[in-house]
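Fold and geometry: a report
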Amino acid sequence: MKKTSKVIFTKSLAFAAGIALALICAVAPLHAQRHADPQKLANPDSFSMILLGDPQGYTKYDINQPIFELCTAWISDNISRLNIKAVLCTGDLVEQNENIILNRKMLNQTSREMWQSASRSLARLDNKVPYIVSCGNHDYGYRSSENGMTRFPEYFPIERNSTWRDTCVAALPNRNGIPSLENAAFEFSDEKWGRLLVITSEFHPRNEVLDWAKKLASSKKYENHTVIFMTHSFLTNGKDSRRIEKEKYKLIDNNGADIWEKLIRSTPNIRLVICGHTANGKGKFEDNVSYRADANDAGKTVHQMMFNVQTLGGGWEGNGGDGWLRILEFLPDGKTIAVRTYSPLFGISPSTKHLAHRTEPFDQFEMTIER
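About the criteria used
Residues numbered from 1 in each chain as written. Predicted model: local features only at pLDDT ≥ 70, side-chain atom pairs only at ≥ 80, totals over all residues. Heavy atoms only, no water. Helix = DSSP H or I, 4+ residues; strand = E, 2+ residues; numbered from the N terminus. Buried < 20%, exposed > 50% of the residue type's maximum accessible area, 1.4 Å probe, protein only. Salt bridge = Lys/Arg side-chain N within 4 Å of Asp/Glu carboxyl O. Pairing = 2+ DSSP bridges.

A closer look at the environment of Ile-63
Along the chain, the position of Ile-63 falls in the loop between helix H2 (56-59) and helix H3 (65-77). On the basis of relative accessibility, which here comes to 69%, the residue Ile-63 falls in the exposed class. With 15 residues separating them along the chain, Ile-63 and Ser-48 place their C-alpha atoms 30 Å apart.

Describing the pattern of salt bridges
Summed over the entire model, instances satisfying the criterion amount to 18 salt bridges. Here Glu-154 makes a salt bridge to Arg-151, at a shortest N to O gap of 2.9 Å. With relative accessibility at 48%, the residue Glu-154 sits in the partly exposed group. A residue is classified by how much of its surface remains accessible, and Arg-151, at 31% relative accessible area, is partly exposed. Across the pair Glu-202 and Arg-175 runs a salt bridge whose closest N-O atoms are separated by 3.7 Å. Of this pair, Glu-202 sits in the loop between strand E6 (194-200) and helix H7 (207-218) while Arg-175 sits in the loop between strand E4 (168-171) and strand E5 (184-190), placing them 27 residues apart in sequence. What makes Glu-202 buried here is its relative accessible area of 0%. A single network of salt bridges, built from pairs that share partners, joins Arg-175, Glu-202, Arg-206, Glu-208 and Asp-253.

Focus on the pairing of strand E9 (residues 289-295)
By the bridge criterion, seven bridges tie E9 to strand E10 (residues 301-307) in an arrangement that is antiparallel. The residue bridging Tyr-291 from the neighbouring strand is Met-305, located in E10.

Quick notes on unusual backbone geometry
With the exception of glycine, most residues fall at negative phi, and the peptide bonds are largely trans. If you check the backbone angles, Asp-92 has positive phi at about 60° while not being a glycine. Within the element layout of this structure, Asp-92 appears in the loop between strand E2 (84-89) and helix H4 (111-122). If you check the backbone angles, Ser-145 has positive phi at about 60° while not being a glycine. Relative to the helices and strands, Ser-145 resides in the loop between strand E3 (131-133) and helix H5 (152-155).

In structure tokens, the structure reads:
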């Protein structure tokens with residue numbers, strides 16, 4: 001009898017505790033985290049794409065790696081708020097693709113550790129949003145594009161991100177004959193913008209890559225799409241931006257000027273080119289970005305934008321870029337892309353959020369896509 005009474009008392013106490021907890025929650029509901037600098041679209045009917053510059057400065061030092069992960073965590077947290085359709089990355093995920101000897105003057109991570117860092121950071125976006133990478137010169141060879149070998153397909157197979165299955169519509173094998181997202185096309189649609197095609201390419205793309213991209217963009221299936229072409233090396237940095245004509249790498253297939261002549265100017269629906277690669281270590285923002293616009297053979301404006309902020313935050317051996325990224329807002333007029341430059345590293349704290357927005361003309365501007 002005593003045992004039965006004890007059980008009844010215990011159950012009654014648990015029931016009472018549950019009621020009390022429910023009442024407490026009703027009186028004092030739990031609150032979501034308050035963001036120090038929440039971002040929003042200028043127009044609630046817009047969508048956006050997020051642009052990440054070359055991440056190699058983050059991944060090559062273990063102390064910098066959390067900054068890259070903060071950037072992708074911030075993107076993940078803002079997918080709904082900013083209606084993010086895709087994340088674009090200009091490449092150079094690592095400082096050295098395949099090297100076990102540490103040069104302490106420029107890194108403290110082996111290549112495997114750098115690839116693991118890049119993979120870990122981008123895993124924040126897996127199964128949530130497509131991210132599209134234009135592999136850079138540091139992603140090939142041993143230290144810097146001595147050959148076409150790359151670990152990219154090993155760390156970023158299409159199976160790892162389910163959103164690629166729904167958006168990736170074409171791909172071409174890499175220099176080693178391996179199916180890879182190094183040369184791939186992704187399709188997106190919007191009520192106001194219609195259909196868009198984002199094509200990414202390997203560093204110094206081979207002629208067959210440019211032929212493939214041209215044939216794809218010009219095909220009956222995609223000829224009415226607005227095309228964004230991504231490649232790692234295309235423009236020089238600074239206000240006097242020009243297309244790169246010569247570089248000292250063993251992978252010398254096609255430089256920026258070649259890509260313009262063989263693909264961009266003669267493909268009428270390519271309206272935006274995005275690249276990274278060039279920069280300097282002087283710490284001036286305007287020296288690490290560039291932009292130019294030129295008419296193609298059809299008389300349409302082609303916007304060309306370079307974004308690579310890896311030397312900001314302390315130069316070549318600094319923190320990797322102060323968390324700077326770009327928000328590309330596609331306005332519902334179906335023709336305007338508003339560019340904003342933002343850093344979640346600064347924005348995460350009320351004490352530094354006043355530093356989180358770049359508003360110079362080369363940081364904040366609009367591009368009009370002609371129809």
